[in-house]
Amino acid sequence: DSVPDLAGHHVVISAGGTREPLDPVRYLGNRSSGKQGYALARTAAARGARVTLIEANTGFADPAGVEVVHVGTAVQLREAVLKAAAEADAVVMAAAVADFRPASYAEGKIKKKDGEEPAPVALVRNPDILAEISAERARPGQVIVGFAAETDDVLANGRKKLRRKGCDLLVVNEVGERKTFGAEENEAVVLAADGGETAVPYGPKEALADVVWDLVAPRLGT
Ligand code: C5P
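Predicted model, so just to flag it, every value in this text is computed and none were measured.

So, how was this worked out
Residues numbered from 1 in each chain as written. Predicted model: local features only at pLDDT ≥ 70, side-chain atom pairs only at ≥ 80, totals over all residues. Heavy atoms only, no water. Buried < 20%, exposed > 50% of the residue type's maximum accessible area, 1.4 Å probe, protein only. Helix = DSSP H or I, 4+ residues; strand = E, 2+ residues; numbered from the N terminus. Pairing = 2+ DSSP bridges. Salt bridge = Lys/Arg side-chain N within 4 Å of Asp/Glu carboxyl O. Core = buried A, V, L, I, M, F, W, Y, C linked by side-chain atoms within 4.5 Å. Contact = heavy atoms within 4.5 Å. Phe/Tyr/Trp six-rings, centres within 6.5 Å; stacked < 30°, edge-to-face > 60°.

Undergrad: Before we go on, may I ask you to explain the pairing of strand S11 (residues 185–192) in this structure?
TA: In the case of a regular strand, side chains alternate between the two sheet surfaces. Counting buried positions along S11 yields 6 of 8 residues, so the element is predominantly enclosed. Alignment of strand S10 (residues 169–174) against S11, held across 5 bridges, turns out to be antiparallel. Within S11, the residue paired with leucine 170 across the bridge is leucine 191. Relative to strand S12 (residues 197–204), S11 is paired through 6 bridges, and the arrangement is antiparallel. Following the sheet pairing, leucine 191 is matched in S12 by glutamate 197.

Undergrad: Mind showing me how you'd approach the pattern of salt bridges here?
TA: Proximity of charged atoms lets side chains of opposite charge pair with each other. Under the counting rule described, the total for this entry stands at 12 salt bridges. A salt bridge links lysine 165 to aspartate 128; the shortest N-O distance between them is 2.6 Å. Within this pair, whereas lysine 165 is found in helix H4 (residues 154–165), its partner aspartate 128 is found in the loop between strand S8 (123–125) and helix H3 (129–136), the two being separated by 37 residues in sequence. Between glutamate 150 and lysine 161 there is a salt bridge, with the nearest N and O atoms lying 3.1 Å from each other. With glutamate 150 in strand S9 (residues 143–150) and lysine 161 in helix H4, the pair connects residues that are 11 residues apart, well separated along the chain. Assessed through its relative accessible area of 11%, glutamate 150 is described here as buried. Of the residues examined, lysine 161 reaches a relative accessible area of 18% and is grouped as buried.

Undergrad: I'm lost on the nonpolar core in this one. Help?
TA: Looking at soluble globular proteins, one finds that nonpolar side chains tend to be buried together. Within the largest apolar cluster, 35 residues are counted, with the highest numbers of intra-cluster contacts made by Ile13, Leu40, Trp213 and Val216. When residues of this core are traced back to their parent elements, those giving at least two are strand S1 (10–16), helix H1 (35–46), strand S4 (50–56), strand S6 (90–93), S9, S10, S11 and helix H5 (205–216). Per-element tally for this core: the top contributor is H5, with 7 residues. Apart from residues lying up to four places away in sequence, valine 216 is in contact with Ala90, Val143, Val145 and Leu169. Membership of the second largest hydrophobic core comes to 25 residues, among which are Val12, Ile129, Ile144 and Leu170.

Undergrad: How should I be thinking about the packing of aromatic side chains in this particular structure?
TA: Think of a pair of aromatic rings as described by two things: how far the centres are apart, and how the planes are tilted against each other in angle. Summed over the entire model, instances satisfying the criterion amount to 1 aromatic pair. A ring pair is formed by tyrosine 38 and phenylalanine 60, whose centres lie 5.0 Å apart and whose planes are at 80°; its orientation type is edge-to-face. Here tyrosine 38 is found in helix H1, whereas its partner phenylalanine 60 is found in the loop between S4 and strand S5 (67–71), with 22 residues between them in sequence. Phenylalanine 60 gets classed as partly exposed once you look at its relative accessible area, which sits at 31%.

That's the geometry; what it means functionally is another story.
Take a look at the structure:
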């Protein structure tokens, strides 16, 4: 088994995908399964960390030995992450956070009306949680990790995103047919703000999770 190199450290992981409600029965969502985030939580616990997992809409059972916070929307996820990050040595944002949410919420179900076109759905931006916690650094030396799913110019776009978000590590996935969303396996490159680049071959999400912790562990203060 792995060495308890995360013992004495508190790590916060977000997992799943936010749902942004339109009315009591409808939402805007995404295809994130949450499997990568849960793999990160299990592996961190196995390596001795105290783990807080902030989960959005995965439907998975709470992993043993992990504190789980359940949220639905990006705004709720932000609140939970900010609260947990205040006491965290590392934060890994594996959740797919909706960039936009409906500008208004209808208290009653939106109905179709005979002979009328549907009203357009106006959207507003959600807060960028990763950029916010990276800029604020609730604790000195806190290590912050983001994820990015890209379809083209994966590395160049990943580097730009790493700078824009201001995090320490960015796990860049190429979004493809059998990869990433809902799959059991993943393939990625982990970019570091200090210039490092670690390729992780196609394999179980647990293996990618362990590479992330391998890169986080030496960056943690003691
Ligand atoms: O900008 P993009 O959505 O590609 O960035 C992905 C990364 O940023 C992920 O780590 C995700 O959890 C985080 N994110 C966030 N808040 C948002 C959008 C994305 O924290 N509103």
